[in-house]
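These are the residues of each chain, in order.
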Amino acid sequence: MKVLDEHILEYIWDETLDRIAQETLVTYIGGSVGTYSDDQAEKKAEDFAILSVSRLIAGSALSESQFRLRVKKLMAQGILLQRIGPNSFVINSEVIKYVAVQAARCWRAIGVPYGMDDTGKACKTLPINALPRSIFELKTNCYRILRSEYPSYKGAENE
């Protein structure tokens, strides 16, 4: 079976959603968590979404060399944007901003705080054991919400 560019992009979008769901929950030293405001999430959206070729090869249904070549081709077409180094990229889509904001809202909806505390010197946090379920389960739920609301990086379905 031929792996089309669209299949690769669907896979990359899926991994992007998963990464954003994970990166919008900040885990601090000492076992506490926090998240972002809508503004912060929108500004940091691309940072949350950066992927690396080496982490995606296994699920790509292609050999390492073929996957690298296809990613480079998609970068040359402007569909993927190179970041950090030659093997890191982000999908070129404005939808990423909306996804990041929605992910932060998912975390806030279950009580994860954001912003600075009253002293203005530390971020507001919640003890990890105060979360309603395991982090893995909560991240999976956040990913599923994002996947249902943003099925495509193209955004036409979402506007």
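Residue indices begin from 1 for each chain and proceed along its sequence in written order. Totals for whole chains, interfaces and linings use every residue, but because this is a predicted model, local features are given only for residues with pLDDT of at least 70 and side-chain atom pairs only at 80 or more, for both listing and counting. Think of the side-chain values as coming from all heavy atoms in the structure, minus any hydrogens and water.

> Give a detailed account of the pattern of salt bridges, specifying residues and quantitative values.
Counted as salt bridges are all cases of a side-chain nitrogen of Lys or Arg within 4 Å of a carboxyl oxygen of Asp or Glu. Throughout the structure, instances matching the rule amount to 11 salt bridges. Across the pair Arg-105 and Asp-38 runs a salt bridge whose closest N-O atoms are separated by 2.6 Å. Placement of the pair is Arg-105 in helix H5 (residues 95–109) and Asp-38 in helix H2 (residues 38–49), with a sequence separation of 67 residues. Across the pair Arg-133 and Glu-137 runs a salt bridge whose closest N-O atoms are separated by 3.2 Å. Residue Arg-133 is classed as partly exposed on the basis of its relative accessible area of 39%. The classification of residues rests on relative accessible area computed with a 1.4 Å probe and restricted to protein chains. Under 20% of the type maximum is buried, over 50% is exposed, and intermediate values are partly exposed. Using a relative accessible area of 35% as the deciding quantity, one classes Glu-137 as partly exposed. Numbering of helices and strands starts at the N terminus; helices are DSSP runs of H or I of at least 4 residues and strands are runs of E of at least 2.

> So what about the sheet that holds strand E4 (residues 80–83)? Which residues, and what values?
Read across the open sheet, the three strands follow the order E3-E5-E4; overall the sheet is antiparallel. Of all strands in the sheet, those with a lone pairing partner are strand E3 (51–52) and E4, marking the two edges. Here the rule is simple: two strands pair whenever DSSP picks up at least two bridges between them. In this structure, E4 lies alongside strand E5 (residues 85–91), joined through four bridges in antiparallel fashion. Directly across from Arg-83, in E5, lies its bridge partner Gly-85. Note on definitions: a residue-residue contact is assigned when non-hydrogen atoms from the two residues lie within 4.5 Å. A fitted line through C-alpha atoms represents every axis, and for helices the fit uses only the stretch in contact; the resulting angles, taken between N-to-C directions, go from 0 to 180 degrees. Packed onto the sheet, helix H1 (residues 5–23) meets E3, E4 and E5 and runs at close to 85 degrees relative to E5.

> Pulling in residues and values, what's your account of the packing of H1 against H5?
One way to put it is that H1 packs onto H5 with a least axis distance of 9 Å and a crossing angle of 40 degrees. When the interaxial angle is binned, H1 and H5 end up oblique. As H1 runs across H5, the sense of the crossing is right-handed. Together, Trp-13, Leu-17, Ile-20 and Ala-21 of H1 and Val-95, Ile-96, Val-99, Ala-100, Ala-103 and Trp-107 of H5 make up the contact between the two elements. Of the residues assigned to the contact of H1 with H5, the class counts are 10 nonpolar, no polar and no charged. Just so you know how the angles are binned, under 35 degrees is roughly parallel, over 145 roughly antiparallel, 65 to 115 roughly perpendicular, and the rest oblique. By convention the crossing between two helices is left-handed if the near helix lies anticlockwise of the far one by an angle smaller than a right angle, and right-handed if it lies clockwise. Three classes are used: nonpolar for Ala, Val, Leu, Ile, Met, Phe, Trp, Tyr, Cys and Pro, charged for Asp, Glu, Lys and Arg, and polar for all others, with Gly counted as polar.

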